[in-house]
Each structure stands twice: as structure tokens, then as C-alpha cells.
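Chain and residue survey
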Amino acid sequence: MKPVPPATPLRKAPVQRRSAERLTRILDACADLLDEVGYDELSTRAVAVRAGVPIGSVYRFFGNKRQMADALAQRNLERYSERVIERLKDAPKGDWRTAMDAVLDEYLAMKRTAPGFSLVDFGNQIPVGARDAEPNHRVADRLTELLAAYIGRAPDEPLRRTFLVAVETADALVHLSFRMTPEGDESIITETRELLRAYLARVLD
């Protein structure tokens, strides 16, 4: 499989705490405005106003709103990883079913509660409706990195391919469930969980 390019880097990485806090406010404002007005109506100026920072502060980090949305998607992935790690911290090692539940449940929780997540996700929804495969590769890479030791497997290409198939499948079905109802159709989510269990049992048991 081809290596996945990293997320678009910031124009200038924050060094001081004040600068890092300003970046956080900018991304929080971006997320809130995505929910309120959508991507097409999003602007760097509106984000600056909502964040309470000069417009120059936004351009210090981002060249345009697409780069800002990319950074929000990358932050979503980092926060998602942290949530999965926290969920598994006290779980018994080697139980891939517990790991799978954590991976799916935390994704659903972010889908339901994280501002802006419904549009940018981990990067595959901007422009709205786009289905770029690269973010799912990035998620599969991250899950391989996070879960290999936990489930007692080598972080090799077969495991990465297994996670990629699972991620692509879950992504399509979760999006279907949220097209059915705003909070995600529970019957579709149940089918998704059962399908993932059946596939992963064949590979990981």
C-alpha cells in the first residue's frame, strides 16, 4: 500500500503557551462555525471574530480555510486516539473485541458531540460530500500503532490491511446510520458492530 502523506502542517507551529492557546481558540471557533453555517459559508474572518483574535493571527497558522479544516480534522484524530487509549487503559490485554468496541463507540461519541465533526470528521468530508480515502488510511495507520501491542499482534502490513478494511466498512455504515437519523440509526450501528466482529474474528482469533 502507498504511504499516506501527513496532514497539512501549520504555517507556523506555536511555541509559547499563549500562541498555543490562541491556536486552540481558532480551531474551536472553526468547529463551532462549521456546525452553524457550514463549510461554504465559513471564512477566516468569521473565525477570527468568533475566536476573539486578529485576522493576522489566523493567517499566522493557516493560509486559507481548507488548511484550517485540515488542522481541525487532525486534532479530531489526536483526540480520538486519546479517547481510545483512555478507554482501554484498564482493560485486559489481548481482547480485540473490547478494543473494537472502544474504537467504534468513541467514534460514535465524537460524531454525536464534537463540534464540526460531522463535516470534517478525520478529513474526508471537505468539500462537503467528498470521500477522500486518505483519512481512512491515516486512521488505520493510527489504530495499528495504538492497538498492535494491546491485542498481541505485530504492527505489520497484514494487521494494517485488516484495520483498513474494518475502518472503511465502519465509515460507510456509520455514515449510512447518520443519514437515517441525526443521532445515528441504532439498528444500523448494531449491524455494523456484528459485521465487524464477524470479520475480525476470522482474522484475529
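These figures come from a predicted structure and were not determined experimentally.

Turning to the confidence of the model for the chain, a few remarks are in order. Low pLDDT marks stretches whose predicted atomic positions should not be read closely. For the chain, mean pLDDT is 89; residues scoring 70 or higher make up 89% of the total. Overall, residues 1-6 carries pLDDT values under 50, and its contacts beyond four positions in sequence, including any with other chains, amount to 12 contacts.

Our next topic: the side chain of asparagine 136. When you line up the elements, asparagine 136 lands in helix H7 (residues 134-151). Among the polar contacts listed, one links the side chain of asparagine 136 to the side chain of glutamate 168, at a separation of 3.2 Å.

A pair can form between side chains of opposite charge whenever their charged atoms are brought close. Counted by the stated rule, this structure contains 17 salt bridges. When the shortest N-O distance is used, the salt bridge between glutamate 21 and arginine 17 registers 3.0 Å. Placement of the pair is glutamate 21 and arginine 17 together in helix H1 (residues 17-41), with a separation of 4 residues, close to one helical turn. As a salt-bridge pair, aspartate 28 and arginine 75 come within 2.8 Å of each other at their nearest N and O atoms. Taken together, the positions of aspartate 28 in helix H1 and arginine 75 in helix H4 (residues 65-88) put the pair 47 residues apart, joining distant regions of the chain.

Moving on: the environment of tyrosine 107. Along the chain, tyrosine 107 turns up in helix H5 (residues 96-113). Taking the relative accessible area as the measure of exposure, tyrosine 107 reaches 8% and is therefore buried. Linking tyrosine 107 and valine 84, residues 23 residues apart in sequence, is a C-alpha distance of 9.0 Å. Other than its neighbours up to four places away in sequence, tyrosine 107 contacts Tyr80, Phe117, Asp121, Phe122, Asp171, Val174 and His175.

Moving on, we get to the packing of H5 against helix H9 (residues 186-204). Contact geometry for H5 and H9: axes closest at 10 Å, N-to-C directions at 150°. The orientation of H5 relative to H9 falls into the category roughly antiparallel. In the packing of H5 onto H9, the handedness of the crossing is right-handed. Contacts from Trp96, Arg97, Met100, Asp101, Leu104, Asp105, Leu108 and Arg112 of H5 reach H9 at Glu186, Ile189, Arg193, Leu196, Arg197, Leu200, Ala201 and Leu204. When grouped by side-chain class, the residues that make up the contact of H5 with H9 number 9 nonpolar, no polar and 7 charged.

About the thresholds
- Residues numbered from 1 in each chain as written.
- Predicted model: local features only at pLDDT ≥ 70, side-chain atom pairs only at ≥ 80, totals over all residues.
- Heavy atoms only, no water.
- pLDDT = per-residue confidence, 0-100.
- Contact = heavy atoms within 4.5 Å.
- Helix = DSSP H or I, 4+ residues; strand = E, 2+ residues; numbered from the N terminus.
- Polar contact = N/O pair within 3.5 Å; in protein donor to acceptor, adjacent residues only side chain to side chain.
- Salt bridge = Lys/Arg side-chain N within 4 Å of Asp/Glu carboxyl O.
- Buried < 20%, exposed > 50% of the residue type's maximum accessible area, 1.4 Å probe, protein only.
- Axes fitted to C-alpha atoms, helices over the stretch in contact; angles between N-to-C directions.
- Parallel < 35°, antiparallel > 145°, perpendicular 65-115°, else oblique.
- Left-handed = near helix turned anticlockwise from the far one by under 90°.
- Nonpolar A, V, L, I, M, F, W, Y, C, P; charged D, E, K, R; others polar.

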